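Chains, contacts and geometry: an overview
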Amino acid sequence: MLVGPLKSRKADFGLRIFNPDTSEAEKSGNGIRIFCRYLWDLGLVSQAPFSIETKGGIVNAQVLENGKLVKVDMGIVSFSSAKIPVLGESRDVLLETLSLNGKNIIYSAATIGNPHCIVINENPSESLAREIGAQLEIHSNFPNRTNVQFMKILDRNNIKIEIWERGAGYTLASGSSSCASAAVAKRSLVCAKKILSFPCLEAT
């Protein structure tokens, strides 16, 4: 649920985002784009850039092509354990190991205003996201819980992800998850600068 436009002393508009479990999200890439189009439909913005204050920081956005395209600068990704947050000494959280149900899982963590746990996996699936993602969300390593992505590297310019959203559950698409996953792929030196992210869609 998106609540806005709200008054803001730091940006042109304020926005609050709430998950289905009633928790408040810091930031949502898809939610922000929907909000931008809403502002356009109300006539509150033109094609000029504008800013939105979220709990996860200021976001700069622009509606283009007569409302058909929304461009959002999601901000700078950080791997800092203190900012995400992740328990333990201050460090960049990249390719670390945590224990879950007696098994070791290699993961990286990042924040783009909200926390993410990214697991590189050769066979990401909905069932994996629903089972393991749900458990990783509330793992003790993540004091504020976390969003979870299972990521397959397709090639140097493409990744594929399955997503478990903190407070929302399994989801087919997430803007902040795509950004965090792409940043981990780039930081791990397995992908190029330009990366396309594909949420997994399984035929039924």
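Scroll up to find the structure this text is about.
Presented here is an overview of the structure given in this document. In this text the structure is predicted, and so the values were computed from the model without any measurement. (Residues numbered from 1 in each chain as written. Predicted model: local features only at pLDDT ≥ 70, side-chain atom pairs only at ≥ 80, totals over all residues. Heavy atoms only, no water.)

Regarding the layout of surface pockets
Approximately 290 Å³ is the volume found for the largest pocket. Around the largest pocket, the lining comprises 23 residues; the ones closest to its centre are Ile17, Asn19, Ser28, Gly31 and Glu165. Of all the secondary structure elements, the ones that give two or more residues to the lining of the largest pocket are strand S2 (13–18), helix H1 (29–41) and helix H3 (175–187). (1 Å grid on protein atoms, 1.4 Å probe; cavity = no way out; pocket = protein on both sides within 12 Å on 5 of 7 lines; lining within 4 Å. Points joined across faces, edges and corners; volume = space filled by probe spheres on them. Helix = DSSP H or I, 4+ residues; strand = E, 2+ residues; numbered from the N terminus.)

So, H1
Along its 13 residues, H1 runs 19 Å from first to last C-alpha, staying within 8% of the 18 Å computed at 1.5 Å per residue. Within the sequence span of H1, burial applies to Gly29, Gly31, Ile32, Phe35, Cys36, Leu39 and Trp40. Close packing links the buried residues of H1 with strand S1 (2–6), S2, strand S4 (50–54), strand S5 (57–64), strand S6 (69–73) and H3. The residue sitting at the N-terminus of H1 and contributing the capping side-chain oxygen is Ser28; that oxygen lies 2.9 Å from the backbone nitrogen of Gly31. The positive-phi residue at the C-terminal boundary of H1 is Gly43, with phi of around 80 degrees. (Expected span 1.5 Å × (residues − 1). Buried < 20%, exposed > 50% of the residue type's maximum accessible area, 1.4 Å probe, protein only. Contact = heavy atoms within 4.5 Å. Polar contact = N/O pair within 3.5 Å; in protein donor to acceptor, adjacent residues only side chain to side chain.)

Some remarks on the pairing of strand S9 (residues 115–120)
Most of S9 is tucked away, with 5 of its 6 residues classed as buried. Judged from the 4 bridges that link them, strand S8 (residues 103–111) and S9 form a sheet pairing that is antiparallel. If you follow Ser108 over to S9, its bridge partner there is Ile118. Counting the residues in the hairpin turn of S8 and S9 gives 3 residues, including Gly113, whose phi is positive at 110 degrees. Read from S9 through helix H2 (residues 126–137) to strand S10 (residues 147–155), the crossover connection turns out right-handed. (Pairing = 2+ DSSP bridges. Right-handed = clockwise from strand over helix to strand, strands pointing away.)

Describing the pattern of salt bridges
Counting across every chain of the model gives 8 salt bridges. For Asp21, the salt bridge identified is with Arg145, shortest N-O distance 3.3 Å. You can see Asp21 sitting in the loop between S2 and strand S3 (24–25) and its partner Arg145 sitting in the loop between H2 and S10, a full 124 residues away along the chain. Looking at Arg145, the relative accessible area reads 26%, which means it is partly exposed. One salt bridge connects Arg166 with Glu26, and the closest N-O pair in it is separated by 2.3 Å. With Arg166 in the loop between strand S11 (158–165) and strand S12 (169–171) and Glu26 in the loop between S3 and H1, this residue pair connects regions lying 140 residues apart in the sequence. As far as the burial class goes, Arg166 and Glu26 line up, both buried. Here the residues in one salt-bridge network are Asp21, Glu137 and Arg145, joined through shared partners. (Salt bridge = Lys/Arg side-chain N within 4 Å of Asp/Glu carboxyl O.)

So, the packing of aromatic side chains
Evaluation of the coordinates by the stated rule reveals 3 aromatic pairs. Both rings, one in Tyr107 and one in Phe142, keep their centres 5.8 Å apart while their planes meet at 80 degrees; by these two values the pair is edge-to-face. One end of the pair, Tyr107, is in strand S8; the other, Phe142, is in the loop between H2 and S10, with 35 residues separating them in the sequence. For Tyr107, a relative accessible area of 1% corresponds to the buried category. The exposure class assigned to Phe142 is buried, which follows from its relative accessible area of 4%. (Phe/Tyr/Trp six-rings, centres within 6.5 Å; stacked < 30°, edge-to-face > 60°.)

So, H2
Taking 1.5 Å of rise per residue, the 12 residues of H2 would be expected to cover 16 Å, and the 15 Å separating its terminal C-alpha atoms lies within 8% of that figure. Every buried residue of H2 is accounted for by Leu128, Ala129, Ile132, Gly133, Leu136 and Glu137. The arc that holds the buried residues of H2, viewed along the axis, is 140 degrees, so those residues lie on one side. Those residues of H2 that are exposed and angled more than 90 degrees off the buried face are Ser127 and Glu131. Tucked inside the fold, the buried residues of H2 contact strand S7 (96–100), S8, S9, S10, S11 and S12. (Arc of directions from axis to C-beta.)

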